[in-house]
Amino acid sequence: MVAIVAAGRCGSAFAAEIGTMKIAEELDALTTMGINPVRFLVVPKVIAMLAAVPALTVMGDVLGIVGGLIVSNLELAMPVSQYMQITQDEVSLKYFFEGFSKSFFFAAEIAVVGAWCGFNTGSDSVAVGRSTTKAVVIGILLIIFTDAVMAKIFAVLYGILG
């Protein structure tokens, strides 16, 4: 869920920013000055996403557990100790590791797809909107595909490792 929200927010922002720079000929200006636009614009975005998405994933996991605790206590009248015991019994640490591991792949995909869509923007302002939409759609589809593939990989690893 964190990756999908990030794809919507950050992927679209990356595409819009780079697409706007393209139609304003700022990318050409960077190239003329001898600055590689990919290195200058994309690499920092990828690094930032590689730091932010895993951190947000951990925060989302913690808030999900706390939210479940609040709902189970207030709506179901379940004691906190019982909720914590059930959570410890049913939610293995391997699931946190799995989600955390996936978040790095999702982060890279979001940044690269957003940048790619921005660099492939047409020559007018309407094209920036199209590129922004394309970045979100492709980003979410890639996240879903990567999640499915990595879930299968982890299932095989869990089967091998026991």
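Keep in mind that this is a model prediction, so the values were computed, not measured. (Residues numbered from 1 in each chain as written. Predicted model: local features only at pLDDT ≥ 70, side-chain atom pairs only at ≥ 80, totals over all residues. Heavy atoms only, no water.)

Visitor: Teacher, can you tell me more about the overall build of the protein chain here?
Guide: What the protein chain contains, in helices and strands, is six helices and zero strands. Order of helices (α) and strands (β) in the protein chain, N terminus to C terminus: α-α-α-α-α-α. Taken over the C-alpha trace, the protein chain has a radius of gyration of 20 Å; the compact-globule value for 162 residues is 15 Å, which it surpasses by more than 25%. For the protein chain, the spread of C-alpha atoms along the principal axes amounts to about 65 × 40 × 25 Å. Buried residues in the protein chain amount to 32% of all 162 residues. Relative to all contacts within the protein chain whose residues are 6 or more apart in sequence, the contacts with residues 24 or more apart total 76%. Total accessible area on the protein chain is roughly 9700 Å²; 71% of this is exposed by carbon and sulfur atoms. The centroid of the 9 positive side-chain charges in the protein chain is displaced by 7 Å from the centroid of its 12 negative side-chain charges. (Helix = DSSP H or I, 4+ residues; strand = E, 2+ residues; numbered from the N terminus. Rg over C-alpha atoms; globule rule 2.2 N^0.38 Å. Buried < 20%, exposed > 50% of the residue type's maximum accessible area, 1.4 Å probe, protein only. Contact = heavy atoms within 4.5 Å. Areas by Shrake-Rupley, 256 points an atom, 1.4 Å probe, with all protein chains shown as cover. Lys, Arg positive; Asp, Glu negative; His and termini not counted. Charge placed at Lys NZ, Arg CZ, Asp CG, Glu CD.)

Visitor: Can you walk me through the packing of helix α1 (residues 2–23) against helix α3 (residues 37–74) in this structure?
Guide: The relative placement of two packed helices comes down to the angle between their axes together with the axis-to-axis distance. Contact pair α1 / α3: the axes reach a minimum separation of 11 Å and the direction vectors enclose 165 degrees. In this view, α1 runs roughly antiparallel relative to α3, as classed from their interaxial angle. Judged by the twist between their axes, the crossing of α1 over α3 is right-handed. Residues Val2, Ala6, Cys10, Phe14, Glu17, Ile18 and Met21 of α1 form the contact with α3, whose own contacting residues are Leu41, Lys45, Met49, Val53, Leu56 and Thr57. Class assignment of the residues belonging to the contact of α1 with α3 gives a composition of ten nonpolar, one polar and two charged. (Axes fitted to C-alpha atoms, helices over the stretch in contact; angles between N-to-C directions. Parallel < 35°, antiparallel > 145°, perpendicular 65-115°, else oblique. Left-handed = near helix turned anticlockwise from the far one by under 90°. Nonpolar A, V, L, I, M, F, W, Y, C, P; charged D, E, K, R; others polar.)

Visitor: Help me out: how do you make sense of the nonpolar core in this one?
Guide: A general trend in soluble globular proteins is that nonpolar side chains are found buried together. By size, the foremost hydrophobic cluster in this structure holds 19 residues, and its most contacted members are Leu27, Leu41, Met49, Ile110 and Ile143. Examining the composition of this core, we find that six residues originate from one element, α1, more than from any other. Once residues lying within four places of it in the same chain are set aside, the contact partners of Leu27 are Ile18, Met21, Lys22, Pro37, Leu41 and Phe119. (Core = buried A, V, L, I, M, F, W, Y, C linked by side-chain atoms within 4.5 Å.)

Visitor: Would you mind going over the packing of aromatic side chains with me for this structure?
Guide: Summed over all chains, the structure comprises three aromatic pairs. Members of the aromatic cluster, each reached through a chain of ring pairs, are Phe97, Phe154 and Tyr158. The positively charged end of Lys94 is found above the aromatic ring belonging to Tyr158, 4.5 Å away from the centroid. (Phe/Tyr/Trp six-rings, centres within 6.5 Å; stacked < 30°, edge-to-face > 60°. Lys NZ or Arg CZ within 6 Å of the ring centre and 35° of its normal.)

Visitor: Explanation requested: the side chain of Thr57 in the structure shown.
Guide: Counting through the fold element by element, Thr57 comes out in helix α3. Setting aside its immediate chain neighbours within four residues, Thr57 contacts Val2, Gly99, Phe100 and Ser103.

Visitor: How do you make sense of the pattern of salt bridges when you look at a structure like this?
Guide: Opposite charge on two side chains makes pairing possible when the charged atoms of those side chains draw close. Under the defined criterion, the tally for this structure stands at three salt bridges. One salt bridge in this structure joins Lys45 and Glu17, with 3.0 Å as the shortest N-O distance. Residue Lys45 is located in helix α3, and its partner Glu17 is located in helix α1; the two are separated by 28 residues in the primary sequence. Linked by salt bridges that have partners in common, Glu98, Lys102 and Asp147 make up one network. (Salt bridge = Lys/Arg side-chain N within 4 Å of Asp/Glu carboxyl O.)

Visitor: Before we go on, may I ask you to explain α3 in this structure?
Guide: The periodicity of an α-helix, 3.6 residues per turn, causes residues three or four positions apart to be oriented the same way. For α3, with 38 residues, the first-to-last C-alpha span of 53 Å sits near the 56 Å given by 1.5 Å per residue. Listed in full, the buried residues belonging to α3 are Pro37, Leu41, Val42, Lys45, Val46, Met49, Val53, Pro54, Thr57, Leu69 and Ser72. On its buried face, α3 is in contact with α1, α2 (26–32), α4 (80–90) and α5 (93–119). Regarding α3, its N-cap is Asn36, as a side-chain oxygen of that residue lies 2.9 Å from the backbone nitrogen of Val38 further along. (Expected span 1.5 Å × (residues − 1). Polar contact = N/O pair within 3.5 Å; in protein donor to acceptor, adjacent residues only side chain to side chain.)

The quantities given are spatial measurements derived from coordinates; they are silent on function.
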